[in-house]
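# Examining the three-dimensional arrangement
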Amino acid sequence: MIKFLDLQKINAQYAAELKQAAADVIDSGWYLQGERVKQFEANLANYIGVKHTIGVANGLDALRLILKAYIEMGIMREGDEVIVPANTYIASILAITDNRLKPVLVEPDINTCNLDISLIEQHITARTRAIMVVHLYGQICWSEKLELIAKRYNLKIIEDNAQAIGAIWNGKRSGTLGDAAGNSFYPGKNLGALGDAGAVTTKDDQLAEIVRTLGNYGSKQKYVNEYQGLNSRLDEIQAAFLDVKLKYLDAENQRRHEIAQYYCANIHHPEIILPNSQNSSLFTVIPSEAKGYFSLTHVWHIFIIRTSNREKLQTYLTENGIQTLIHYPIPPHKQGAYKEWNNLSFPNTEQIHNEVLSLPISPVMEMEEVKKVISLVNSFL
Ligand SMILES: *Cc1c(COP(=O)(O)O)cnc(C)c1O
């Protein structure tokens, strides 16, 4: 069977280094807030090109803590509005409602599946404080127009960078484009820990300090609590694992890009729409100065195709030994968690949720496997 994502195989590539890293942490006798977290934070800040990196427990907490810090800073208060794409993974929205802020759902562009920036302005009210952009499937959601809107209305831009770590827009990595970003190192993400982990990245000194404090019980000095904080810290052992894997991230993203390019060049089916088919420049990449890797605006966390025959196609691929997934089957506004939105209508969002199917993509996929996926998809009746 061709797995959707073979995590065992991905981590087996680095097994010796990962085992050494684990052994070092075990032997050190120090498991939280130590040298390894500091080292990983510094390496990640250097990689992304951002002033501050704060390790936290997971990607959801990274986003929660950014918003909580803005509340402590007096920049947002209960009931203020945050614009967010209606088709995001539910974590983006949970981070907003958890802080008693109001998500304002905005439709995505049907081709990119990212927030339709041209629709933002009509949703801005006197209570709008931020735009949360989500770099969905690994593709950066950004434009100069977005920057202008944020400036004109004095809004913060928060990046949900859970799926796009390593991507580059105009020479800058995702996670540095906005005022603050939430990053996830969930095992299946492009930079995956061996458990839960996440990080906040920001250039804002005050925000960084408050996020760090909030994630540690609201305390800078032990048993002195300035804020009603959370316990959301990055473990030493996960930081040590992530430091091993960070070195290989560009090479892994490059491999994902090659597979995506191969899929797009070779999947030909009248009933299947390829990702972002309107954007012919998607694969024209700029070599980056560092290490000979390309500058990618899309790091292909997920490779989606769209078809109105999704269920049949998925069954056919399963029967032929190809594991696929759906990202995501139910949009947030149709979830039981948000019953108050169940009657709202977001046509693009619903179409995306009804039509997308995610094909296997990973840095350890063999070319033979990629070709098998393509020939099966092409022969689907
Ligand atoms: C994975 C993910 C998150 C949450 O990250 P966790 O580490 O699982 O908490 C948030 N937003 C998006 C878009 C994600 O894909």
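Residues numbered from 1 in each chain as written. Predicted model: local features only at pLDDT ≥ 70, side-chain atom pairs only at ≥ 80, totals over all residues. Heavy atoms only, no water.

A count of helices and strands for the protein gives 12 helices and 15 strands. The C-alpha radius of gyration computed for the protein amounts to 21 Å, which stays within 12% of the reference 21 Å derived for 381 residues, consistent with globular compactness. Taking the principal axes of the C-alpha coordinates as reference, the protein spans close to 65 × 55 × 40 Å. Within the protein, buried positions represent 56% of all 381 residues. Summarising the internal contacts of the protein: among those between residues at least 6 apart in sequence, 71% fall at separations of at least 24. With the model as given, the accessible surface of the protein reaches about 16600 Å², and the carbon-plus-sulfur share is 50%. (Helix = DSSP H or I, 4+ residues; strand = E, 2+ residues; numbered from the N terminus. Rg over C-alpha atoms; globule rule 2.2 N^0.38 Å. Buried < 20%, exposed > 50% of the residue type's maximum accessible area, 1.4 Å probe, protein only. Contact = heavy atoms within 4.5 Å. Areas by Shrake-Rupley, 256 points an atom, 1.4 Å probe, with all protein chains shown as cover.)

Along the chain, His 327 connects to Tyr 328 via a cis peptide bond; the corresponding omega equals 10°. Structurally, the position occupied by Tyr 328 is in the loop between α10 (310-319) and α11 (347-355). Even without glycine at this site, Gln 33 takes up a positive phi of about 50°. Inspection of the secondary structure assignment puts Gln 33 in the loop between α2 (15-28) and α3 (35-48).

Moving on: the packing of aromatic side chains. Summed over the entire model, instances satisfying the criterion amount to 7 aromatic pairs. Measuring from centroid to centroid gives 5.2 Å for Tyr 89 and Tyr 328, while their planes differ by 35°, and the two rings are tilted. With Tyr 89 in the loop between β2 (81-85) and α5 (90-98) and Tyr 328 in the loop between α10 and α11, this pair connects stretches of sequence that are 239 residues apart. When its relative accessible area of 43% is taken as the criterion, Tyr 89 is described as partly exposed. Taking the relative accessible area as the measure of exposure, Tyr 328 reaches 15% and is therefore buried. Arranged with centres 4.4 Å apart and planes meeting at 15°, the rings of Tyr 338 and Trp 341 form a pair that is stacked. When its relative accessible area of 12% is taken as the criterion, Trp 341 is described as buried. Among the aromatic residues, those joined into a cluster by ring pairs are Tyr 263, Trp 300 and Phe 303. (Phe/Tyr/Trp six-rings, centres within 6.5 Å; stacked < 30°, edge-to-face > 60°.)

With that out of the way, let us pick up the layout of surface pockets. Here the largest pocket is characterised by a volume of approximately 590 Å³. Together, 30 residues line the largest pocket, and Tyr 89, Ser 184, Tyr 186, Lys 189 and Tyr 328 are the ones closest to its centre. Of all the secondary-structure elements, those providing two or more residues to the lining of the largest pocket are α4 (59-72), α5 and β8 (180-184). Per-class residue counts for the lining of the largest pocket are 16 nonpolar, 10 polar and 4 charged. (1 Å grid on protein atoms, 1.4 Å probe; cavity = no way out; pocket = protein on both sides within 12 Å on 5 of 7 lines; lining within 4 Å. Points joined across faces, edges and corners; volume = space filled by probe spheres on them. Nonpolar A, V, L, I, M, F, W, Y, C, P; charged D, E, K, R; others polar.)

Honestly, that's just the spatial picture; any functional story needs more than this.
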